[in-house]
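Observations on chain architecture
Now for the letters of each chain:
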Number of protein chains: 2
Amino acid sequence: MRDELITFLQQSLGPNGVLSNANDTERYCLDWAGARGAEPLAVARPASVDDVADVMRYCHQHDIPVVPQGGGSGLVEGALPDRHTPELVLSLERLNRIRALDAINFTISVDAGCVLQEVKDAALAEDCFFPLALGAQGSCQIGGNISTNAGGLNVLRYGMTRQLVLGLEVVLPDGRILSDMRPLHKNNTGYDLKQLFIGAEGTLGIVTGAVLKLCPQPANSRVALIGCPDVRAVMQLYGLARRSCCDLLTAFELIPRRCIELALEAAPTLRDPLDEPHPVYVLLEVAASGELDLDAMIETLFSQGMERQLLGDGVLASSEAQAAQLWQFREAMLEGQQRRGVHLRTDIALPISALDTFHHQAERLVAELSPDAEVIAYGHVGDGNLHFNVLPPTGLDDDDKLALLHDIEEQLFELVTEFDGSISAEHGIGRIKQSAFLASLSAPEYDIMRGLKRLLDPRGNLSAGRILPRSDGR
Amino acid sequence: MRDELITFLQQSLGPNGVLSNANDTERYCLDWAGARGAEPLAVARPASVDDVADVMRYCHQHDIPVVPQGGGSGLVEGALPDRHTPELVLSLERLNRIRALDAINFTISVDAGCVLQEVKDAALAEDCFFPLALGAQGSCQIGGNISTNAGGLNVLRYGMTRQLVLGLEVVLPDGRILSDMRPLHKNNTGYDLKQLFIGAEGTLGIVTGAVLKLCPQPANSRVALIGCPDVRAVMQLYGLARRSCCDLLTAFELIPRRCIELALEAAPTLRDPLDEPHPVYVLLEVAASGELDLDAMIETLFSQGMERQLLGDGVLASSEAQAAQLWQFREAMLEGQQRRGVHLRTDIALPISALDTFHHQAERLVAELSPDAEVIAYGHVGDGNLHFNVLPPTGLDDDDKLALLHDIEEQLFELVTEFDGSISAEHGIGRIKQSAFLASLSAPEYDIMRGLKRLLDPRGNLSAGRILPRSDGR
């Protein structure tokens, strides 16, 4: 069966269209986070939508499992080849043309395999702006961003990827093409089918193209770092900032003191940003096109916040270099955290108003399970998105660390549920959050999700076992 | 069967919960546009989600057709009781509590039967803003807005209703409750089921509650009316306005000279707004919280537009009264149009960049079919949404007018399709756009939509015949 598949792919996609030996397929078995999947049946690299459809039709007829793959920056092991049932990896990397850009309509039409940065660059070249912004934007593909409903740094102002998709082209598991690539800002005609595939992590169809919404490029921006007494003050300051910076706020990041310290360790060129240390910091950005006095806007916020005792001190970057340096804290702290080896990374969401109470209770929970574990909780306050991470005590060996972190995660997720929160704000479910996800579903939710899967992928061969468990028990 | 139903409803919902005689049910058979449905089996008026579930469970068991109803301001006859198969009207009007408002989280949780204006007022009372704004906001219900994915005046800045819904509670056709009312701004856990019900026009489930996103109230606004040489210039001016007014543009309406004249006829207190008449006008609004110089912003746009010969003249309202007067043109022109009796109203969407060419071709098309018909084409330029309306020649009788308008609509819709447009930008499909809608669907689109209907409403008793035709041919 594998030989026949490979012969079919070679004939159908040409010599560049298929990789079948282990050396060549190796890089499709690894993701950004270092996780590893099994060796796939082969890697198909179609360069057109029709080629994708041909591959899917063949696999449908021959009952061959398929997993689509974008840039490999997922964090939930959704795109890695399955360990139990050999899968064909369908890489979108050669389907990577910018199809059209309409600067008057503020839209861009792209192949799914376009790298996010290329989409952003193409927009910029026409004085437009594609707002999706992620750490992985130099390698992740827009089809993957859509399939995972990626979030990132600009959600506060521009929404998740879902809000940026106007049209979608999808190859269904049976090879049929579902296409609505009309560049329309408004369209209320029947069920909005594209919504099914956005965030479905490639389990219902393969996104091959999209029409995306563009915005005016906010040519001017200002970055400030503000020291606050506690998380409660940060929550209040957020309300103030939304109002005094109007809808121009693009980032409002919570950074605890411990993260500043991790950043200082990881990047020795950085200096402590304010005269005195503060328990928590806010990294804030406003951006605008046109002629607006952004400095005055932030200074008003400073004085209002000071008056209400919501902040102690702050620095407003006076140059692009200084702004970049403030953002560097956000990146260096991740590096500092990474250096500590095995640790728990979460991606939870809560009502913004619950952040403070949740934070306290979660810290207590961790302290009870392991007094020497260290909590590193930072996040996008405006989205209620908290990366509540835990570094285990340094004395433990890796197995003990993993066991401890597993226990902590389980109890944390229970607390998240008590607070009406989400166990995955932006990373998705994939494989690694599946059991916690399934435990959270009501019977009707499960039934409808299972029904959607059956409706669109009746043989269950597409990205099987991600989000929902396999229906056949394989 | 009807008697038993009414007895059940009386027992289950109490005396206020059911209306069964024709005098009482009359008002549920009429909509805003004056269309009339058949007499229903009865009108059920449940006052709690559990009551809605009880009614649906009973109807599911007894195979009774049901149509949910909001405020009755739909324009596609989706909520009117069926003429062929008697239906139970399920009115949400008594399910009308504001459940919670969280000003720090910028969210409000509401029953589906809340009137839109009440939701907006509740937000304002906490210094927040719910941006959905429609002509019918004093009577339409938020559940109806969600079920039809309502658009309205603020789409340019805040999106359609879909973008404002964070959580949803739905009673399924079999009476089960599907509920995710977590007030979360981010949540990437599995298939986003709420998307199925938003814009489904009540055919897949009954929306009973929602969590909505709030924004800061933009306390300051400025309105301007600008005279332009042609639609092409308006398109260019829009790009300029998006940039120089940043993301603060809340309205950018195209108004042809003919509409100004209709408005002047309908509202004799209005005066011609600019010294000279212009072929087309733009009504523009910017709004912001915080301290921004909005006048300077608009003046910059004026001078940039003047320089590029995109505009001839303009007026910036210097008081709230003057701003209201400029908006009055937008309303009075609708009244003027209404006075002309039978006419064709469309609600189409196009790529913004195609507005000019489409407009020319569509005018030619109308002139060929009826040289004396008059075109009134205005719309939300920033959304690509054009109300391309046609007044038939005054000499014809009503039947001839209707026949002519039917022909014009058919050919207009073909032209819309050629231009990659939508035949329903915001009004939906309901019954009256069904045949044009079905003709536009590809086979996979139809199959999946039919599959969704079967998955969620296997007996086909909920809002049967809206969007999709009945599956049983009844």
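Everything discussed here concerns the structure shown above.
So, a few notes on the structure that sits alongside this text. (Residues numbered from 1 in each chain as written. Chains lettered and ligands numbered in written order. Predicted model: local features only at pLDDT ≥ 70, side-chain atom pairs only at ≥ 80, totals over all residues. Heavy atoms only, no water.)

Some points on the overall build of chain A
On a plain count of helices and strands, chain A comes out with 15 helices and 18 strands. What you see for chain A is a C-alpha radius of gyration of 23 Å, in line with the 23 Å of a compact globule of 474 residues. Looking at the 474 residues of chain A, the share that counts as buried comes to 61%. Of all intrachain contacts in chain A linking residues separated by at least 6 positions in sequence, the fraction that spans at least 24 positions is 72%. When the accessible surface of chain A is split by element, carbon and sulfur atoms take 46% of a total near 17600 Å². The centroid of the 40 positive side-chain charges in chain A is displaced by 5 Å from the centroid of its 65 negative side-chain charges. (Helix = DSSP H or I, 4+ residues; strand = E, 2+ residues; numbered from the N terminus. Rg over C-alpha atoms; globule rule 2.2 N^0.38 Å. Buried < 20%, exposed > 50% of the residue type's maximum accessible area, 1.4 Å probe, protein only. Contact = heavy atoms within 4.5 Å. Areas by Shrake-Rupley, 256 points an atom, 1.4 Å probe, with all protein chains shown as cover. Lys, Arg positive; Asp, Glu negative; His and termini not counted. Charge placed at Lys NZ, Arg CZ, Asp CG, Glu CD.)

Some points on the sheet that holds strand β1 (residues 18-19) of chain A
All names here are of chain A. Read from one edge to the other, the open sheet built from four strands follows the order β1-β2-β4-β3, with strand pairing classed as mixed. The sheet terminates laterally at β1 and β3 (66-69), the two strands that pair on one side only. In this sheet, strand β2 (residues 42-44) lies alongside β1 in antiparallel orientation, the contact comprising two bridges. Bridge pairing in β2 links leucine 19 to valine 43. Taken strand by strand, helix α1 (residues 2-13) contacts β1, β2 and β4 (88-91), and its axis lies near 25° from that of β2. Its contacts with the sheet place helix α3 (residues 49-61) against β3 and β4, and it is angled at close to 165° to β4. (Pairing = 2+ DSSP bridges. Axes fitted to C-alpha atoms, helices over the stretch in contact; angles between N-to-C directions.)

Digging into the relation of the copies chain B and chain A
Structural alignment of chain B on chain A gives an RMSD of 0.1 Å, achieved by rotating through 180° and translating 0.0 Å along the axis. Seen this way, the second copy is the image of the first under a two-fold rotation axis. The overlap is high: 100% of the interface residues of chain B also sit at the interface in chain A, so the same surface is used on both sides. (Least-squares fit on C-alpha atoms with pLDDT ≥ 70 in both.)

Regarding empty space enclosed by the protein
Here the structure, examined in full by the defined rule, presents six cavities of 30 Å³ or more. Approximately 120 Å³ is the volume attributed to the largest cavity. As for the largest cavity, its lining consists of 13 residues, of which Gln195 and Leu196 of chain A together with Asp192, Gln195 and Leu196 of chain B are closest to the centre. Considering only enclosed or pocket space, the second largest cavity measures out at about 70 Å³ in volume. Lining the second largest cavity are Met56, Cys59, His60, Ile64, Val66, Pro173, Asp457, Arg459 and Asn461 of chain B. When residues of the lining of the second largest cavity are assigned to their parent elements, the largest contribution, three residues, is made by helix α3 (residues 49-61) of chain B. (1 Å grid on protein atoms, 1.4 Å probe; cavity = no way out; pocket = protein on both sides within 12 Å on 5 of 7 lines; lining within 4 Å. Points joined across faces, edges and corners; volume = space filled by probe spheres on them.)

Description of unusual backbone geometry
Residue and element names in this part refer to chain A. Of note, phenylalanine 106 is a non-glycine position whose phi angle comes to about 55°, a positive value. Turning to its location among the elements, phenylalanine 106 is positioned in the loop between β5 (98-102) and β6 (107-111). Unlike most non-glycine residues, aspartate 127 shows phi in positive territory, near 60°. Positionally, aspartate 127 belongs in the loop between α4 (116-125) and β7 (128-129).

Side note on the interface of chain B and chain A
Contact with chain B, which involves 94 residues of that partner, is made by 94 residues of chain A. A combined buried area of about 7300 Å² lies between chain B and chain A, and 61% of that area is made up of carbon and sulfur atoms. Of all residues in chain B, Lys186, Asn188 and Tyr191 of chain B give up the largest surface area on contact with chain A, accounting jointly for 14% of the area buried on that side. Joining chain B to chain A, the criterion identifies 12 salt bridges. Note that aspartate 127 of chain B and arginine 243 of chain A form a salt bridge whose closest N and O atoms lie 3.2 Å from each other. One can count 38 residue pairs in polar contact (both at pLDDT 80 or more) joining chain B with chain A. Looking at which element gives the most residues to the side of chain B that touches chain A, the answer is helix α15 (residues 443-456) of chain B, with 11 residues. Residues belonging to the side of chain B that touches chain A are distributed by class as follows: 44 nonpolar, 29 polar and 21 charged. (Buried area = accessible area lost by both parts, 1.4 Å probe. Salt bridge = Lys/Arg side-chain N within 4 Å of Asp/Glu carboxyl O. Polar contact = N/O pair within 3.5 Å; in protein donor to acceptor, adjacent residues only side chain to side chain. Nonpolar A, V, L, I, M, F, W, Y, C, P; charged D, E, K, R; others polar.)

Looking at the pairing of strand β9 (residues 177-180) of chain B
All names here are of chain B. Across four bridges, strand β8 (residues 165-171) lies against β9 in antiparallel orientation. In the sheet register, valine 170 faces β9, and the bridge partner there is leucine 178. In textbook terms, the turn of a hairpin is the stretch between consecutive antiparallel strands, and for β8 and β9 this stretch comprises five residues, one of which, glycine 175, has a positive phi near 95°.

Looking at the packing of helix α12 (residues 355-369) of chain A against helix α13 (residues 398-418) of chain A
Residues and elements named next belong to chain A. Packing of α12 against α13 leaves a shortest axis separation of 10 Å and a crossing angle of 150°. As far as their axial angle goes, α13 and α12 are roughly antiparallel. The handedness of the crossing between α12 and α13 is right-handed. Seen from α12, the contacting residues are Phe358, Gln361, Ala362, Leu365, Val366 and Leu369; seen from α13, they are Leu404, Asp407, Ile408, Gln411, Leu412, Leu415 and Val416. Grouping the amino acids of the contact of α12 with α13 by side-chain chemistry returns 10 nonpolar, two polar and one charged. (Parallel < 35°, antiparallel > 145°, perpendicular 65-115°, else oblique. Left-handed = near helix turned anticlockwise from the far one by under 90°.)

Description of the state of the cysteines
Covalent bonding between the sulfur atoms of two cysteines is what defines a disulfide. All names here are of chain A. Taken as a whole, this structure holds zero disulfides over all chains when the rule is applied. Of the cysteine sulfurs around cysteine 140, a residue in no disulfide, the closest is that of cysteine 114, at 12 Å. Overall, cysteine 140 belongs to the buried group, its relative accessible area being 2%. Unpaired in terms of disulfides, cysteine 259 finds its nearest cysteine sulfur in cysteine 228, a separation of 15 Å. (Disulfide = S-S within 2.5 Å.)

Regarding the environment of alanine 133 of chain B
Residues and elements named next belong to chain B. Looking at where alanine 133 falls in the secondary structure, it is placed in the loop between β7 (128-129) and α5 (142-147). Look at alanine 133 and you get buried, because its relative accessible area is 11%. When the C-alpha atoms of alanine 133 and glycine 205 are compared, they prove to be 24 Å apart, with 72 residues separating the residues in sequence. Residues in contact with alanine 133, not counting those within four places in the same chain, are Lys120, Gly151, Gly152, Leu153 and Asn154.

Focus on the pattern of salt bridges
Once their charged atoms are close, side chains differing in charge can pair, the charge on each being opposite to the other. All names here are of chain A. For the structure shown, the criterion picks out 60 salt bridges over all chains. Close ionic contact of aspartate 192 with lysine 194 constitutes a salt bridge, the shortest N to O distance being 2.9 Å. Residue classification places lysine 194 among the buried residues on the basis of a relative accessible area of 19%. One connected set of salt bridges, linked through shared partners, spans Arg257, Arg258, Glu261, Glu265, Asp272, Arg340 and Glu374.

So, the environment of arginine 2 of chain A
Residue and element names in this part refer to chain A. Position of arginine 2 relative to the elements: it lies in helix α1. Along the primary structure arginine 2 and proline 86 are separated by 84 residues, whereas in three dimensions their C-alpha atoms are 9.7 Å apart. If near-sequence neighbours (up to four positions away) are discounted, arginine 2 is found in contact with Ser20 and Leu41.

Describing the sheet that holds strand β2 (residues 42-44) of chain B
Residues and elements named next belong to chain B. With mixed pairing, four strands are arranged side by side in an open sheet as β1-β2-β4-β3. In this open sheet, the two edge strands, each paired with only one partner strand, are β1 (18-19) and β3 (66-69). Note: β3 against strand β4 (residues 88-91), four bridges, orientation parallel. Paired with proline 68 across the bridge in β4 is leucine 90. Sitting on the sheet, helix α1 (residues 2-13) is in contact with β1, β2 and β4, with an inclination near 25° to β2. Running at roughly 165° to β4, α3 makes contact with β3 and β4 of the sheet.

A closer look at the pairing of β4 of chain B
All names here are of chain B. Of the two faces of β4, the one holding Leu88 and Leu90 and the one holding Val89 and Ser91 are both buried throughout. The pairing of β2 with β4 spans three bridges and is parallel. Note that in β4 the partner of alanine 44 across the bridge is leucine 90.

Keep in mind these values describe shape, not function.
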